[in-house]
Amino acid sequence: METKSKNRCFGGTQGVYTHASESTGTDMTFGLFLPEEAATGPVPLLWFLSGLTCTHENAMTKAGAQGWAAAQGIALVFPDTSPRGEGVANDDAYDMGQGAGFYIDATQDPWTPHFRMESYITKDLTDLLAKEFPLDMGRQAICGHSMGGHGALTLAMKYPGRYRSVSAFSPICHPSASDWGRKQFTGYLGADADWTGHDATLLMKDKGFDGPVLVDQGTDDQFYDLLNTSEFSAACATRRQDATVRLQKGYDHSYFFISTFMEEHVDFHAQALYA
């Protein structure tokens with residue numbers, strides 16, 4: 001692991017690091033905010049998974065999360081959204097390839113060698129964080145935006161007992177029924193593959209989540225029809241899931257929306273992490 005930068009931030013430290021990933025076969029970059037309390041012992045960890053076209057840097061610099069996390073004594077990790085570099089497959093479209101890993105493990109060429117973001121998040125980066133930093137890995141929560149909201153919801157349900165709570169901003173809720181999903185799943189997994197394990201609405205119907213769920217969706221989101229929030233909400237209702245799905249009047253898909261409600265999401269996770 002190599003330290004790229006460290007900055008004092010709200011009494012703690014915002015760092016950026018690179019490391020070699022076995023899952024992706026590439027070097028990967030992530031941001032990690034450690035609150036002041038980490039200097040004296042392990043602290044809980046909140047993951048933030050970003051959306052299409054983003055790197056580790058977008059949420060780290062735009063979400064305004066560090067101040068709220070510092071107030072709660074919670075660490076924040078900001079992973080990248082895909083493998084990158086020479087020899088890594090890519091696509092000319094913004095919603096496929098580098099910057100668009102969809103937090104799944106690809107099984108189709110040319111994506112298979114490097115696009116293994118589910119394994120990267122749940123194994124490589126998780127193991128590295130546990131080994132190198134003062135984190136209480138028994139107290140984890142997960143959050144995400146758009147494609148990252150899809151990742152947060154699906155990983156939370158696929159790995160029961162790992163995350164105490166899950167939240168999302170404008171998540172891709174039903175990708176197997178959306179142009180943000182069908183295209184990518186066909187390319188990464190194959191048209192005939194079972195996509196159920198990568199679809200938050202289908203997973204909610206099948207498994208549910210063993211903790212609280214919070215989703216915020218802007219009513220003026222320019223991608224509203226691609227996200228299928230109502231179908232996920234209906235699945236939560238059918239399952240009687242402990243969930244809050246809020247439509248926020250006038251908000252769009254941007255980080256202005258995220259930063260407006262970030263404090264509430266951090267507080268939501270703090271309640272679960274310190275329960």
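Now for a quick tour of the structure. All chains use their own residue numbering, which begins from 1 and follows the written sequence. Totals for whole chains, interfaces and linings use all residues, but because this is a predicted model, local features are given only for residues with pLDDT of at least 70 and pairs of side-chain atoms are given and counted only at 80 or more. The side-chain numbers reported here are obtained from all heavy atoms of the structure, hydrogens and water having been left aside.

### What about the overall build of the protein chain?
Okay, so step 1: Along the protein chain, the regular secondary structure elements total nine helices and nine strands.
Okay, so step 2: Our radius of gyration looks at C-alpha atoms and nothing else; its globule reference is 2.2 Å times the residue count to the power 0.38. Taking 2.2 N^0.38 as the reference for a compact globule, 275 residues should give roughly 19 Å; the C-alpha atoms of the protein chain span a radius of gyration of 17 Å, in line with that estimate.
Okay, so step 3: Taken over the C-alpha atoms alone, the protein chain extends approximately 50 × 45 × 35 Å along its principal axes.
Okay, so step 4: Counting every position in the protein chain, which comprises 275 residues, the buried fraction comes to 59%.
Okay, so step 5: The contacts of the protein chain with a sequence gap of at least 6 include a subset with a gap of at least 24, amounting to 72%.
Okay, so step 6: Accessibility throughout is a Shrake-Rupley quantity obtained with a 1.4 Å probe, and a residue counts as covered only by protein chains that appear here. As displayed, the protein chain offers around 11,000 Å² of accessible surface, 47% of which is attributable to carbon and sulfur atoms. To qualify as a helix, a DSSP run of H or I must reach at least 4 residues; to qualify as a strand, a run of E must reach at least 2; elements of each kind are numbered from the N terminus. Think of it in three bands: with a 1.4 Å probe and only protein chains considered, a residue is buried below 20% of the maximum accessible area for its type, exposed above 50%, and partly exposed in between. Two residues qualify as a contact provided that any one of their heavy atoms is within 4.5 Å of a heavy atom in the partner residue.

### With respect to the pattern of salt bridges
Okay, so step 1: Basic side-chain nitrogens of Lys or Arg form a salt bridge, by our definition, when they fall within 4 Å of a carboxyl oxygen of Asp or Glu. Counting across every chain of the model gives ten salt bridges.
Okay, so step 2: The salt bridge partner of Asp 105 is Arg 116, with a shortest N-O separation of 3.5 Å. One end of the pair, Asp 105, is in the loop between strand 5 (75–79) and helix 3 (117–132); the other, Arg 116, is in the loop between strand 5 and helix 3, and eleven residues separate them in sequence.
Okay, so step 3: What makes Asp 105 buried here is its relative accessible area of 15%.
Okay, so step 4: Arg 116 gets classed as partly exposed once you look at its relative accessible area, which sits at 29%.

### Description of the packing of aromatic side chains
Okay, so step 1: The criterion for an aromatic pair is that two Phe, Tyr or Trp rings (for Trp, the six-membered ring) have centres within 6.5 Å, with stacked assigned to planes under 30 degrees apart, edge-to-face to planes over 60 apart and tilted to the rest. The final tally for this structure, using the stated rule, is 14 aromatic pairs.
Okay, so step 2: Aromatic pair Phe 30 and Phe 133: ring centres 6.4 Å apart, planes at 90°, arrangement edge-to-face. Here Phe 30, found in strand 3 (residues 27–34), pairs with Phe 133, found in the loop between helix 3 and strand 6 (135–145); they are 103 residues apart in sequence, far enough to count as distant. Phe 133 carries the same exposure label as Phe 30, and that label is buried.
Okay, so step 3: When the centroid spacing of 5.1 Å and the interplanar angle of 85° are considered together, the rings of Trp 111 and Phe 115 count as edge-to-face.
Okay, so step 4: According to the relative accessible area criterion, Trp 111 is buried, its value standing at 6%.
Okay, so step 5: Here a set of aromatic residues connected by ring pairs shows up, and it is made of Phe 169, Tyr 251, Phe 257 and Phe 261.

### Points about helix 8 (residues 229–239)
Okay, so step 1: Residues of helix 8 that are buried include every one of Thr 229, Phe 232, Ala 235 and Cys 236, and no others. Buried residues of helix 8 fall within an arc of 125° about the axis and therefore sit on the same side. When the buried face of helix 8 is taken as reference, the exposed residues oriented beyond 90 degrees from it are Ser 230, Ala 237 and Thr 238.
Okay, so step 2: Tucked into the core, helix 8 has its buried residues touching helix 4 (147–158), helix 6 (200–206), strand 8 (213–218), helix 7 (224–227) and strand 9 (243–248).
Okay, so step 3: Note on helix 8: the residue one or two positions beyond its end, Arg 240, has a positive phi of about 60°. The arc in question is the one traced by the directions running from the helix axis out to the C-beta atoms.

### Quick word on the side chain of Gln 217
Okay, so step 1: With respect to the helices, strands and loops of the structure, Gln 217 is situated in strand 8.
Okay, so step 2: Classification of Gln 217 as buried rests on a relative accessible area of 0%.
Okay, so step 3: Pairs of N or O atoms within 3.5 Å make up the polar contacts considered here, provided that, within protein, one atom can donate a hydrogen while the other can accept it, and that residues adjacent in sequence are counted only when both atoms are side-chain atoms. In this structure the side chain of Gln 217 is engaged in a polar contact, spanning 3.1 Å, whose partner is the side chain of Asp 221.

### Remarks on the sheet that holds strand 1 (residues 2–9)
Sheets are built from strands paired through backbone hydrogen bonds, the pairs being either parallel or antiparallel.
Okay, so step 1: Spatially, 1-2-3-5-4-6-7-8-9 is the arrangement adopted by the nine strands of the open sheet, whose pairing is mixed. What marks the edges here is a single partner per strand, and that holds for strand 1 and strand 9. This sheet shows a mean twist of 15° between the axes of neighbouring strands, independent of strand direction.
Okay, so step 2: Pairing geometry for strand 2 (residues 12–20) and strand 3, over eight bridges, is antiparallel. Opposite Ala 20, over in strand 3, you have Asp 27 as the bridge partner. Pairing between strands requires that DSSP locate at least two bridges from one strand to the other. Note on method: axes are straight lines fitted to C-alpha atoms, helices fitted across the in-contact stretch only, with angles between N-to-C directions ranging 0 to 180 degrees.

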